[in-house]
Amino acid sequence: MESVISVKNLDHFFGKNQLRKQVLFNVNLEIAAGEIIIMTGPSGSGKTTLLTLVGGLRSAQSGNLRVLGQDLVGANARKLTQARRHHGYIFQAHNLHGSLTALQNVRMGLEVQKGISSREMNQRAIAMLEHVGLGNRVNYYPDDLSGGQKQRVAIARALVSRPKIVLADEPTAALDSKSGRDVVNLMQMLAKEQGCTILLVTHDNRILDIADRIVHLEDGKLANDTNLAPAS
Ligand SMILES: Nc1ncnc2c1ncn2[C@@H]1O[C@H](COP(=O)(O)OP(=O)(O)OP(=O)(O)O)[C@@H](O)[C@H]1O
Ligand SMILES: [Mg+2]
């Protein structure tokens, strides 16, 4: 079966001329459907860069990068936008819109899709908020929610469209250990329910056990690819 995410000999550079600096070196990574992969590594090792390339948030320059069968090396803006429709992205800081309620924020996760009525968007967004335990907070604004609750809204927004791939960049960094645990348990449960693939960056050793596989990035190079459990 073809990998959902296939990275081969991927290099990445930032800057131009004398300032040009290589941050990813010959990265190879194959991820199968439904796998949960955790990526660790020191600050500055290139984790976010790799995640944003896979997510189509920036354009890959050289090597091979196939995501859901689409070749993303040298892809133009239109193709990247298209690719992003299949991903849910969860950032370290939840990135909610402060002027929108929890419900409106989650709805935004559906607005990129075509052919869903406003009524259905509301129903699905409310159902997803209930699923993450926030059925009694749908009309709250982010400022009136706790850190863990905001992150759960962000997860609801990322997953409401049932994306095939979820990319998460330190989703528990701003949370205490209990809320962090709740958040990853929730991601794992929703992923298994929806059969989606998760690539999650973390420094948090307490959540490593949710991974099927852990990969380590150091100085832009991917090392020890540890198989914890066979991918089902
Ligand atoms: N837009 C950019 N322009 C130039 N250099 C950048 C840019 N973004 C990141 N870098 C550099 O690329 C390297 C990798 O950065 P990246 O953000 O991928 O690291 P990271 O592993 O996610 O670190 P952290 O754990 O601190 O989030 C760093 O040396 C960083 O300074
Ligand atoms: Mg980062």
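Please read all numbers here as calculations on a predicted model, not as lab measurements. (Residues numbered from 1 in each chain as written. Chains lettered and ligands numbered in written order. Predicted model: local features only at pLDDT ≥ 70, side-chain atom pairs only at ≥ 80, totals over all residues. Heavy atoms only, no water.)

> I'd love a proper account of the pattern of salt bridges, names of residues and values included.
Counted under the stated rule, the structure contains seven salt bridges. Measuring nitrogen to oxygen at the nearest pair gives 2.8 Å for the salt bridge that ties Asp182 to Lys178. Taken as a pair, Asp182 and Lys178 lie in helix H6 (residues 177-194) at a separation of four residues, close to a single helical turn. Its salt-bridge partner being Arg181, residue Asp209 comes within 2.9 Å of it at the nearest N-O pair. Taken together, the residues Asp209 in the loop between strand S8 (197-201) and strand S9 (213-218) and Arg181 in helix H6 connect sequence positions 28 residues apart. (Salt bridge = Lys/Arg side-chain N within 4 Å of Asp/Glu carboxyl O. Helix = DSSP H or I, 4+ residues; strand = E, 2+ residues; numbered from the N terminus.)

> Now, about the nonpolar core: what can you tell me, with residues and values included?
Counting 40 residues, the largest nonpolar core has Leu129, Val153, Met187, Ile198 and Leu200 as the members making the most contacts within it. If near-sequence neighbours (up to four positions away) are discounted, Ile198 is found in contact with Glu35, Ile36, Ile37, Val166, Met187 and Ala191. Ranked by size, the runner-up nonpolar core spans 29 residues in total, among them Leu51, Leu53, Ala75 and Leu80. (Core = buried A, V, L, I, M, F, W, Y, C linked by side-chain atoms within 4.5 Å. Buried < 20%, exposed > 50% of the residue type's maximum accessible area, 1.4 Å probe, protein only. Contact = heavy atoms within 4.5 Å.)

> Give me the lowdown on helix H1 (residues 47-54), citing residues and values where you can.
Within H1, seven of the eight residues are buried, which leaves it mostly tucked inside the rest of the structure. Among the residues making up H1, those that are buried are Lys47, Thr49, Leu50, Leu51, Thr52, Leu53 and Val54. Looking at the residues trailing H1, positive phi occurs at Gly56, about 70°.

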